[in-house]
Amino acid sequence: MNLRDLRYLVAVADKRHFGRAAEACFVSQPTLSAQIKKLEGFLGVQLIERSNRRVMLTPIGDEVAQRARYILSAADDIVQVARAASDPLAGDFRLGLIPTVAPYLLPHLVPAVRESLPRLRLMLYEEQTSRCLERLRNGTLDAAVLAVPVDGGEGFAQAGLYDEPFLLAMPKGHALSKARVPSLERLSDARILLLEEGHCLRDQALEICKLVGASEEREFRATSLETLRQMVAAGAGITLLPELAALSTDGIANAGSITIERFDSPQPRRHVALLWRKGSAREPTMRALVAQVQELDVIQRLQHDDAAA
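Anyway, here's the lowdown on the structure attached to this text. (Residues numbered from 1 in each chain as written. Predicted model: local features only at pLDDT ≥ 70, side-chain atom pairs only at ≥ 80, totals over all residues. Heavy atoms only, no water.)

**Some words on the overall build of the chain**
Looking only at helices and strands, the chain has eleven helices and eleven strands in total. Sequence separation of 24 or more characterises 75% of the internal contacts of the chain that already satisfy a separation of 6 or more. When the accessible area of the chain is evaluated, it comes to approximately 15,500 Å², of which 51% is carbon and sulfur surface. One way to put it: in the chain the 38 positive side-chain charges average out to a point 5 Å from where the 39 negative ones average out. (Helix = DSSP H or I, 4+ residues; strand = E, 2+ residues; numbered from the N terminus. Contact = heavy atoms within 4.5 Å. Areas by Shrake-Rupley, 256 points an atom, 1.4 Å probe, with all protein chains shown as cover. Lys, Arg positive; Asp, Glu negative; His and termini not counted. Charge placed at Lys NZ, Arg CZ, Asp CG, Glu CD.)

Now the structure itself:
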């Protein structure tokens, strides 16, 4: 048994297809299939159920694949330790971001990293929270930008990036816009447009709704914050947006039809942090990335506006 064979098995487990797994491993399909058969022979168990229609792992195959992911992650960490010893701020860095952060942070972060950390190559993945945590555990992400706290995040190291208030977005002329500074209590009995299931921002907004007696507009659930803003601009209702998203109007039709208001104190907010595996060899990279985010002009303004409010 060797690491190469374990990589082949994990690729099949991920792709559920021998051809795509072989392509991902840069080998021919017969080579990959033969090596997995040798692995099955060495272990004395069947790992994969083969048929003309689909590829499935056996129960023991699934367990072996899960353990293989941790072994491969540890092996990759050995390589990263060696590389980090000579230049911790160089090489590929696999960063996950949740969809309610990525479009609003990355346009500022990527150019800054290219200028300040030119030897670091960001490889970016937009995933929901649960998927980011899964990929952190199996080693296919080095770090992830998430709204915290998160279920299952206790086993990771983390560093805060910024606090972000929620703002009220409503159609221009909406009844709530008549208040100079809306309070959360004025949302009582309101119906709020929210994201679909799976987004952590949806859960955070629901908590705010429950706190003040608001409810979800059940006839519509958006797949993205941009869809929410378009629906507000079209007069379909009101919603809660994190500040970086609320104040970005690039590419939004009828942006002038939306009124954005801050809530009075205490403002509802979310906390955004960088998470990574404890003991990661890329710790210096994590710290440099945290500092880079905190030094961004847009984040500096965010924290200044928050303090002023």
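**What about the packing of aromatic side chains?**
Per the counting criterion, the structure on display carries zero aromatic pairs. Geometry around Y125 places R135 over its ring, the cationic atom sitting 4.5 Å from the centre. (Phe/Tyr/Trp six-rings, centres within 6.5 Å; stacked < 30°, edge-to-face > 60°. Lys NZ or Arg CZ within 6 Å of the ring centre and 35° of its normal.)

**Points about helix 8 (residues 225–233)**
By the burial criterion, the buried members of helix 8 are L225, L228, R229, V232 and A233. Considered in projection along helix 8, the buried side chains sweep an arc of 135° and stay on one side of the axis. In the stretch just after helix 8, G235 is the one whose phi turns positive, near 85°. (Buried < 20%, exposed > 50% of the residue type's maximum accessible area, 1.4 Å probe, protein only. Arc of directions from axis to C-beta.)

**Considerations on the environment of L47**
As for its placement among the helices and strands, L47 is situated in the loop between helix 3 (29–43) and strand 1 (48–50). Sequence-wise, L47 and H17 are 30 residues apart; in three dimensions their C-alpha atoms are separated by 14 Å. In this structure, L47 is in contact with L9, L39, E40, M56, L57, T58, I60, G61 and V64, ignoring residues within four places of it in sequence.

**A closer look at the environment of A214**
Summarising the element assignment, A214 is placed in the loop between helix 7 (200–212) and strand 8 (215–222). For A214, a relative accessible area of 12% translates into the label buried. Spatially, the C-alpha atoms of A214 and E185 are 9.0 Å apart, while their sequence positions differ by 29 residues.

**With respect to the pattern of salt bridges**
The tally for this structure, following the rule as stated, stands at 13 salt bridges. Note that R7 is salt-bridged to D76, the shortest N-O span being 2.9 Å. Note that R7 is positioned in helix 1 (residues 3–15) and D76 in helix 4 (residues 59–86), a separation of 69 residues in sequence. We classify R7 as partly exposed; its relative accessible area is 35%. Residue R229 pairs with E226 through a salt bridge whose shortest N-O separation is 2.7 Å. Of the two residues, R229 and E226 are both situated in helix 8; the distance of three residues between them amounts to about one turn of the helix. (Salt bridge = Lys/Arg side-chain N within 4 Å of Asp/Glu carboxyl O.)

**Concerning the layout of surface pockets**
Considered as a void within the structure, the largest pocket measures approximately 1,100 Å³ in volume. Lining the largest pocket are 33 residues, with R7, D76, R94, G139 and T140 sitting closest to its centre. For the lining of the largest pocket, a count of residues per class yields eleven nonpolar, seven polar and 15 charged. Roughly 430 Å³ of volume is contained in the second largest pocket. Lining the second largest pocket are 18 residues, and of these P149, V150, C200, D203 and Q204 sit closest to its centre. Counted by class, the lining of the second largest pocket contains seven nonpolar, six polar and five charged residues. (1 Å grid on protein atoms, 1.4 Å probe; cavity = no way out; pocket = protein on both sides within 12 Å on 5 of 7 lines; lining within 4 Å. Points joined across faces, edges and corners; volume = space filled by probe spheres on them. Nonpolar A, V, L, I, M, F, W, Y, C, P; charged D, E, K, R; others polar.)

**Looking at the pairing of strand 3 (residues 91–97)**
Most of strand 3 is tucked away, with five of its seven residues classed as buried. Judged from the seven bridges that link them, strand 3 and strand 4 (residues 120–126) form a sheet pairing that is parallel. Bridge pairing in strand 4 links D92 to R121. The β-α-β motif built from strand 3, the intervening helix 5 (residues 102–116) and the parallel element strand 4 has right-handed crossover chirality. Of the pairings in the sheet, the one linking strand 3 to strand 5 (residues 143–148) comprises three bridges and is parallel in character. Paired with L97 across the two strands is V145, which belongs to strand 5. (Pairing = 2+ DSSP bridges. Right-handed = clockwise from strand over helix to strand, strands pointing away.)

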